[in-house]
Amino acid sequence: MRPSRQTSQRVAFAGLTVLATVVVIPIVLVVVYIVAQGIGALSWEFLTAMPQNGMKSGGIFPAIVGTLILTFGTALVSIPLALGAAIYLAEYAQDNWLTQAIRLAIVNLAGIPSVVYGLFGLGLFVLFMRLGTSIVAGSLTLGLMTLPVVISTAEEALSAVPGQFRVVSRSLGATRWQTIRHVVLPNALPGILTGVILGLERAAGETAPILFTVAAFYLPQLPSSPFDQTMALPYHLYVISTQVPGMPLRIQYGTALVLLLLVLGLDLTATLIRRQYRRRRQW
Amino acid sequence: MFHCGDLIDTGLSGTNAKGATDPIVKQATTVRQQEWVIETLIRVSGFSAVLFVALIFIFLLKEGTPAFAQVPLANLFGQRWYPTEGLFGTLPLLAGSLLVTLGATVMALPLGLATAVFIHELAPDWLREVLKPLIEVLAGIPSVVLGFLGMTAIAPLVQQHLNVPTGLTAFTGSLMLAYMALPTIISVAEDAIDAVPSQYRDGALALGATRWQTIWRVVLPASRFGVIIAVMLGIGRAIGETMAVMMVTGNAARVPHEWDALFHPVRTMTATVAAEMGEVAQGSMHYSVLFAVGILLFVLTFIVNAFASSIMIRGGRRRGGRLMG
C-alpha cells in the first residue's frame, strides 16, 4: 500500500530538515572551533610584534600589515575599473552582441580559478611588465580577480535606481553624465559599497593569486615601497601550517582566527550597510 | 544634491542668442568636452572585461605553448608525473581534479538543493534571517583557513573513522569542496525556486496537491534550469579551488584506478600548479608545462561557465515565452 500523501509529506519535510541541518551545523562548528582554539594565542603582542625564532614565537604583525596593504592596493585597481564597467553596463550598454560579449566575459572572469589568476599575474605583471614579485603586481592580480564580483553587485545597485529618477533629471536639463553623477550614483552608493567590500573580502582571504606575484615566506622588516614583496596573512597561514615543521598549533590557530575575523568583519560591514540601505530606501 | 549652476548653464546654452563667445556657451562646451572624456573612460572600462579575458588567455598561451610544442603528446598526456625526470604526464592530475570534483558534486547537490528548498519553503521568517547570513559566512571563510582546518581537524577524523592509512584523501578534499561549493549552489538554486511564478504553486495547491507534492512535482521541475546552472557554477568553483584541496588531498600524483580510489591520496591540477610553480626555474620545460596545466584549467572552467550562461539565456527565454503565450 502506498503511504498516504500526508505521511510522505511528513517524511519528505523531515528529510529536508535533516539535510539542511547537515549543511548548517558544520558552519557553526568550524567558526566556533577556530575561535576556541585560536583565542588563547591572541594578545596585543601577537598582533603587533614581528615573528621570532623562525616564526615559532612572537607575532604576525608583518603579515597583518601586508594583507591590509594588499587589500588597499586591490581597492585602488578594482574600484575605478569596476565602477566604470558597471556604469557602462547599467546606463550606456545597448542590447547588442558587444554587450553580450562583455557579459559573457564577466561570467568567465568570475569562473577563472584563483590559481590561474596567479599564473596570469606572474606572466603579465611580474615577468612581462617587469614589476617583479611586488605589492604592485599582487594588487593588480587581486584587483582583476575581484572585478566580476564588484561589477555585478554595482551594476545591480545602479539598475535598482528607478527609471523615473533619470527621466526627471534629464527633463530638468541635466546631461546624461550629470544625471549619473548627481542622481543615480548617490542613490546606488550603498549597494556599490556592499559589492566593493565583498570583493575586497575575497581578495583579503585569497592565497593562490599572491603565491607567485607578491607573497614572501618571511621578511624581517615591513615593505618600504610598492615594489617590495610583503608577507600576507593567508600565505602566512599556509606556510606555517605546511612548510615549517614543529610549528606550535596555538600560533597556527591564532593566525587562522585573525584572518577569519578580518574577513568576517568585512562581511559583517557589508551586511550592515545593506540592511541600513534597505530600511532607508524610499522607493 | 544638484549643482544648479551646471544644470542652468547647459540648459540655457542652446537658447542663448548672443553667439559663440558668450561665456555661458563656452562653459557648456567645456562641460560637453569633460563629459566626452568621462564617457569614453566609462566605455573603455566597460570593454575592459573582454580585454582581460583575452589577455589572460594570451599570456597563458605565451608561457605554455613551449610545452605543447616540445613535449611529445604521449608524454604530456601520459600517466606519469615526475617533472624532475622529464615525465610530464598530466593524466593523473586531470583524473585527480575530476575525481575530487565529482565527489564534491555528489555530496553538494542533494545538500544544496534540500537546503535551498528548506530555506525557501519550510523555514519560518526568523529562521531564514538566521540561515542566509550563516551560509554567507561559509562563503566568506578563506579557502586556506578551511584547508588548514581540514588538515589539522578533519583529516584525523577521516583516518580514524574510515580506517584508512592517511586522512589526506580525495574524499577529504571532496568533503571540503562540497561545503565550499554549497553557498553558490544554495543561493542560485534558491533564486531559481523564487523565480517560479506563484500561479504555478497556487494552481497545484488549489487542485488539492499537498505542499510537498507541489514542491516536488511543480516547483522543482519548473526551476530545473536554475538548478542546473547552480550545479554547473558549483562544479566550476570546485575544479578551480586550490588551497583547501592542496592541503587536504595528500598530493600523490597517480591515476586513481581502484574502486575505493576516493579514499586514497590524489593530486589535482590546481594543487600541482600552486605547489610547484614557486620552485621551478622560469623558462624551463617544467615551468611551461605548469602553464599548460593552467591553460587546461582555464579551458575547463570556461566551458563549464559558458554552458551555465547559455542555459541562463535560453532558460530565461523559454520560460518567458511560455508565460507570455
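Quick caveat, the model's predicted, so the values are computed rather than measured.

Conventions used here
Along every chain, residues carry numbers that run from 1 in the direction the sequence is written. For naming, the first written chain is A and the first written ligand is 1, with later ones following in the order written. Confidence filtering applies because this is a predicted model: local features only for residues at pLDDT of at least 70, side-chain atom pairs given and counted only at 80 or more, and all residues used for totals across whole chains, interfaces and linings. Put simply, DSSP marks the helices as runs of H or I at least four residues long and the strands as runs of E at least two long, and each gets a number from the N terminus on. With C-beta atoms placed from the backbone, a residue counts as buried when 20 or more other C-beta atoms lie within 10 Å of its own, as exposed when 12 or fewer do, and as partly exposed for counts between those limits. Each residue gets a C-beta atom placed from its backbone, and two residues are in contact if those atoms lie within 7 Å. With C-alpha atoms as the basis for the radius of gyration, the globule rule is written as 2.2 Å multiplied by the number of residues raised to the power 0.38. Connectivity within a nonpolar core runs through C-beta atoms within 7 Å, and the core itself is a set of buried Ala, Val, Leu, Ile, Met, Phe, Trp, Tyr and Cys residues. To estimate how far a helix should extend, the number of its residues minus one is multiplied by 1.5 Å. One axis is fitted to the seven residues ending at the residue and one to the seven starting there. The bend at that residue is the angle between these axes. Any residue that is not Ala, Val, Leu, Ile, Met, Phe, Trp, Tyr, Cys, Pro, Asp, Glu, Lys or Arg is counted as polar, Gly included; the first ten are nonpolar and the last four charged. Throughout, the edges of the domains are those of an automatic or database domain assignment. Inter-axis angles, ranging from 0 to 180 degrees, are taken between N-to-C directions of lines fitted to C-alpha atoms, where helices are fitted over the stretch in contact. Angles below 35 degrees are treated as roughly parallel, those above 145 as roughly antiparallel, those between 65 and 115 as roughly perpendicular, and all remaining angles as oblique. Note: crossing handedness is left-handed where the near helix turns anticlockwise from the far helix by less than a right angle, and right-handed where it turns clockwise. Residue-level confidence of the predictor is what pLDDT reports, using numbers from 0 through 100.

A. How the structure looks around the overall build of chain A. Summing up its helical and strand segments, chain A has eleven helices and two strands in all. Shown N-terminal to C-terminal, the secondary structure of chain A runs as helices and strands in the order α-α-β-β-α-α-α-α-α-α-α-α-α. With the C-alpha coordinates of chain A rotated into their principal frame, the extents come out at 70 × 70 × 35 Å. By the burial criterion, 53% of the 283 residues in chain A qualify as buried. By sequence separation, contacts in chain A at least 24 residues apart represent 76% of the contacts at least 6 residues apart.

B. Just the overall build of chain B, in detail. Counting secondary structure elements, chain B contains 13 helices and two strands. For chain B, whose C-alpha radius of gyration is 27 Å, the value lies well above the compact-globule estimate of 20 Å for 325 residues. Burial statistics for chain B: of 325 residues in total, 45% are counted as buried. The long-range share in chain B, meaning contacts at least 24 apart out of those at least 6 apart in sequence, stands at 73%.

C. Local environment of the nonpolar core. Judged by nonpolar contacts, the single largest core of 185 residues is most densely connected at Ala86(A), Val145(B), Leu182(B) and Ala189(B). The biggest single contributor to this core is helix α7 (residues 170-194) of chain B, with 16 residues. Apart from residues lying up to four places away in sequence, Ala189(B) is in contact with Gly112(B), Leu113(B), Ala116(B), Gly226(B), Val227(B) and Ala230(B).

D. Fine view of α7(B). All names here are of chain B. Look at α7: 35 Å from first C-alpha to last across 25 residues, which is about the 36 Å you get at 1.5 Å a residue. At Ala181, α7 is deflected by roughly 35°, the largest bend along its length, and proline Pro183 occurs up to four residues later in sequence. When you tally the buried positions in α7, you get 22 out of 25 residues, the bulk of the element.

E. Representation of unusual backbone geometry in the model. Positive phi outside glycine occurs at Arg130(A), with the angle close to 55°. A positive phi angle is found at Asn163(B), which is not glycine, with a value near 55°. Topologically, Asn163(B) is positioned in the loop between α6 (143-162) and α7. Overall, the presence of 8 C-beta atoms within 10 Å leaves Asn163(B) in the exposed class.

F. Just the interface of chain A and chain B, in detail. Across the contact, 76 residues belong to chain A and 78 residues belong to chain B. For the side of chain A that touches chain B, a count of residues per class yields 54 nonpolar, 19 polar and three charged.

G. Expanded view of the domain arrangement of chain B. Residues and elements named next belong to chain B. According to the domain assignment, chain B consists of domain 1 (4-70) and domain 2 (73-324). For domain 1 versus domain 2, the separation of C-alpha centres amounts to 39 Å. Class assignment of the residues belonging to the side of domain 1 that touches domain 2 gives a composition of six nonpolar, two polar and one charged.

H. Region of the structure containing the environment of Val289(B). Residue and element names in this part refer to chain B. Within the secondary structure, Val289 is located in helix α13 (residues 285-324). A C-alpha to C-alpha distance of 8.8 Å links Val289 and Glu63, two positions 226 residues apart in sequence. Look past the residues within four positions of Val289 in its chain and what remains in contact with it is Ala67, Val71 and Phe88.

I. Seen up close, the packing of helix α1 (residues 5-38) of chain A against helix α4 (residues 91-122) of chain B. Viewed as axis vectors pointing N to C, α1(A) and α4(B) meet at an angle of 115°, and their least axial separation amounts to 8 Å. What the angle tells us is that α1(A) and α4(B) run roughly perpendicular. The chirality of how α1(A) crosses α4(B) is left-handed. Of the residues in α4(B), those touching α1(A) at Phe13(A), Leu16(A), Thr17(A), Leu19(A), Ala20(A), Val22(A) and Val23(A) are Pro110(B), Leu111(B), Ala114(B), Thr115(B), Val117(B), Phe118(B) and Leu122(B). Residue composition of the contact of α1(A) with α4(B), by class: twelve nonpolar, two polar and no charged.

J. Quick peek at helix α5 (residues 114-128) of chain A. Residue and element names in this part refer to chain A. Here α5 spans 20 Å end to end across 15 residues, near enough to the 21 Å set by a 1.5 Å rise per residue. Of all the bends in α5, the largest measures some 35° and sits at Gly121. The buried count for α5 comes to 13 of 15 residues, which makes it a mostly enclosed element. Backbone geometry just after α5 places Arg130 at a positive phi near 55°.

K. Fine view of the confidence of the model for chain B. All names here are of chain B. Here chain B shows a mean pLDDT of 85. Residues at 70 or above account for 90%. Looking across chain B, the model is least confident in helix α1 (residues 4-13), with a mean pLDDT of 44, and most confident in α4, with 94. Across residues 1-18, where pLDDT falls below 50, the model places 27 contacts with residues more than four positions away in sequence or in other chains. Here the predicted complex carries an ipTM of 0.92, next to a pTM of 0.89.

L. The arrangement of the packing of helix α7 (residues 163-171) of chain A against helix α8 (residues 176-205) of chain A in detail. Residues and elements named next belong to chain A. For the pair α7 and α8, interaxial distance at closest approach is 10 Å and the crossing angle is 155°. Taken as axis vectors, α7 and α8 run roughly antiparallel relative to one another. The handedness of the crossing between α7 and α8 is right-handed. Of α8, the residues touching α7 (which contributes Phe165, Arg166, Ser169 and Arg170) are Thr179, Val183, Val184 and Asn187. Taken together, the residues that form the contact of α7 with α8 break down as three nonpolar, three polar and two charged.

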